[in-house]
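Each chain, letter by letter, is given below.
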Protein chains: 2
Amino acid sequence: MAKSMYLLWGSGSPPCWRLMITLEEKKLQGYKQKLLSFEKEEHKSKEVLEINPRGQLPTFKHGENIINESVGACLYLENQFKSQGNKLIPDSPAEQALMYQRMMEGLFFLEKMEFFVFYDFYAPEGERHDSALKRHKDNLVTELKLWESYLENVGLSTAHRKTRGESHTLR
Amino acid sequence: MAKSMYLLWGSGSPPCWRLMITLEEKKLQGYKQKLLSFEKEEHKSKEVLEINPRGQLPTFKHGENIINESVGACLYLENQFKSQGNKLIPDSPAEQALMYQRMMEGLFFLEKMEFFVFYDFYAPEGERHDSALKRHKDNLVTELKLWESYLENVGLSTAHRKTRGESHTLR
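Residues numbered from 1 in each chain as written. Chains lettered and ligands numbered in written order. Predicted model: local features only at pLDDT ≥ 70, side-chain atom pairs only at ≥ 80, totals over all residues. Heavy atoms only, no water.

In the nomenclature of an unreviewed UniProt entry, chain A is known as GST N-terminal domain-containing protein of Poecilia mexicana. In the Sequence similarities (unreviewed entry) part of its UniProt record, chain A is described as follows: "Belongs to the GST superfamily." (UniProt positions renumbered as here; feature names shortened; annotations may be inferred.)

A separate point is the overall build of chain A. Across its full length, chain A holds six helices and four strands. Moving toward the C terminus, one meets the helices and strands of chain A in the order β-α-β-α-β-β-α-α-α-α. Classification of the 171 residues of chain A by burial places 39% in the buried group. Residue pairs at least 24 apart in sequence account for 60% of intrachain contacts in chain A once pairs closer than 6 positions are excluded. Working note: accessible area of chain A is about 10,100 Å², and carbon and sulfur atoms make up 58% of it. (Helix = DSSP H or I, 4+ residues; strand = E, 2+ residues; numbered from the N terminus. Buried < 20%, exposed > 50% of the residue type's maximum accessible area, 1.4 Å probe, protein only. Contact = heavy atoms within 4.5 Å. Areas by Shrake-Rupley, 256 points an atom, 1.4 Å probe, with all protein chains shown as cover.)

Let us now look at the sheet that holds strand S2 (residues 32–36) of chain A. To summarise the sheet geometry, strands pair through backbone hydrogen bonds and adopt either a parallel or an antiparallel arrangement. All names here are of chain A. In space, the four strands of this open sheet follow the order S2-S1-S3-S4, with mixed pairing throughout. Unpaired on one side and paired on the other, S2 and strand S4 (65–66) mark the two borders of the sheet. Pairing analysis gives two bridges linking strand S3 (residues 59–62) to S4, with the strands arranged antiparallel. What sits directly across from Lys 61, in S4, is Ile 66. (Pairing = 2+ DSSP bridges.)

Below, the discussion takes up the packing of aromatic side chains. Both the distance between ring centres and the angle between the ring planes are used here to describe each pair of aromatic rings. Going through the model one piece at a time under the given rule, you end up with seven aromatic pairs over all chains. Ring geometry for Phe 121 of chain B and Tyr 122 of chain B: centres 5.4 Å apart, planes at 75°, overall edge-to-face. On the accessibility criterion, Tyr 122 of chain B (41% relative accessible area) is partly exposed. These aromatic residues form a ring-pair network of at least three members: Phe 109, Trp 147 and Tyr 150 of chain A. (Phe/Tyr/Trp six-rings, centres within 6.5 Å; stacked < 30°, edge-to-face > 60°.)

What follows is about the relation of the copies chain B and chain A. Each copy of the chain is related to the other by a rotation around an axis and a translation along that axis. Rotating chain B by 180° and moving it 0.0 Å along the rotation axis overlays it on chain A with an RMSD of 0.0 Å. Given the turn and translation reported, the copies of this chain are related as if by a two-fold rotation axis. If distances are taken from each C-alpha of chain B to the rotation axis, the shortest is found for Glu 127 of chain B, at 3.7 Å. In this assembly, 100% of the residues forming the interface of chain B have copies in chain A that are likewise at the interface, indicating an isologous arrangement. (Least-squares fit on C-alpha atoms with pLDDT ≥ 70 in both.)

Residue and element names in this part refer to chain A. Looking at the secondary structure, you find Phe 81 in the loop between helix H3 (70–80) and helix H4 (93–117). Owing to a relative accessible area of 5%, Phe 81 belongs among the buried residues under this scheme. Distance from Phe 81 to Lys 27, taken between C-alpha atoms, is 9.3 Å for residues 54 residues apart in sequence.

Moving on, we come to the sheet that holds strand S3 (residues 59–62) of chain B. Residue and element names in this part refer to chain B. On the basis of which strands lie adjacent, the open sheet formed by four strands has the order S2-S1-S3-S4 and mixed pairing. The open sheet terminates on both sides in strands that have one partner only, identified here as strand S2 (32–36) and strand S4 (65–66). Taken together, the five bridges between strand S1 (residues 5–10) and S2 define a ladder with parallel strand orientation. Counted as the bridge partner of Tyr 6 is Lys 32 from S2. Along the sheet, helix H1 (residues 14–25) makes contact with S1, S2 and S3, crossing S1 at roughly 145°. (Axes fitted to C-alpha atoms, helices over the stretch in contact; angles between N-to-C directions.)

Rendered as structure tokens:
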């Protein structure tokens, strides 16, 4: 099945990693792929634009189906290959809610990182302000703190589950 | 089931509409809800922040499950109430790929609209540039043209199906 898949990707791109990790998790190895260079603007090449008018990577086809948005592609692959590889959407309503919540929040995390890291790329020279750069940095720091708090809670809830598990074992 | 749901929403918010439309499509009427005012900064109120640390609307709970991101909430509701109301995720791989693709692209559409419409809100007075506003406008125009082309293709394929359907009827 993976042979009918075609991935155009760029190095260092978290959305590309997201899709490639999902392909591995679903045991969809052996797909056709091509590494393109952002520096050489290959993501704006004719080959990409024909599949993905946004000229972004990843650009992904499964047979004739085009699904370039990485989160959408992960959901599509999970739905199409439910029983293959690792199950990526949990059954429990609580875990499912948390997964969808963090999955979508992840997009804001990435965006806030990009606004800061690529500030000079997005703002032309005459439009740059230290105050704007500082604001983007502050927003990223706030975002990172939020994720740190999420991770702390994961740690706590894992510990909590472990404790509960142990107490069951001891009973 | 809808009685265990609680929605905090704001008027004029497409993400709120997205979730509210999904609730209607899934026949989940009768949920508890509260209309809050963006103007009065009620989306940054203690009640919201306790459920949604981002201080955004919609803020949504189903029992103890919190799912504030509207796209995530739509996917969660569809998965939890698959056999209720209208089916929102198509079975056919081609339609499913298209749905996920457009669903995720919709976020960029909204973002490009906000960058232009709320430019004065995001850029403090000393940081505003006509060139930046023009760029945001150009980006929005490009985005709108892309969606127009999507809609034209939908129109064509509907017309195509209709023609085929008619030819079947005439046979």
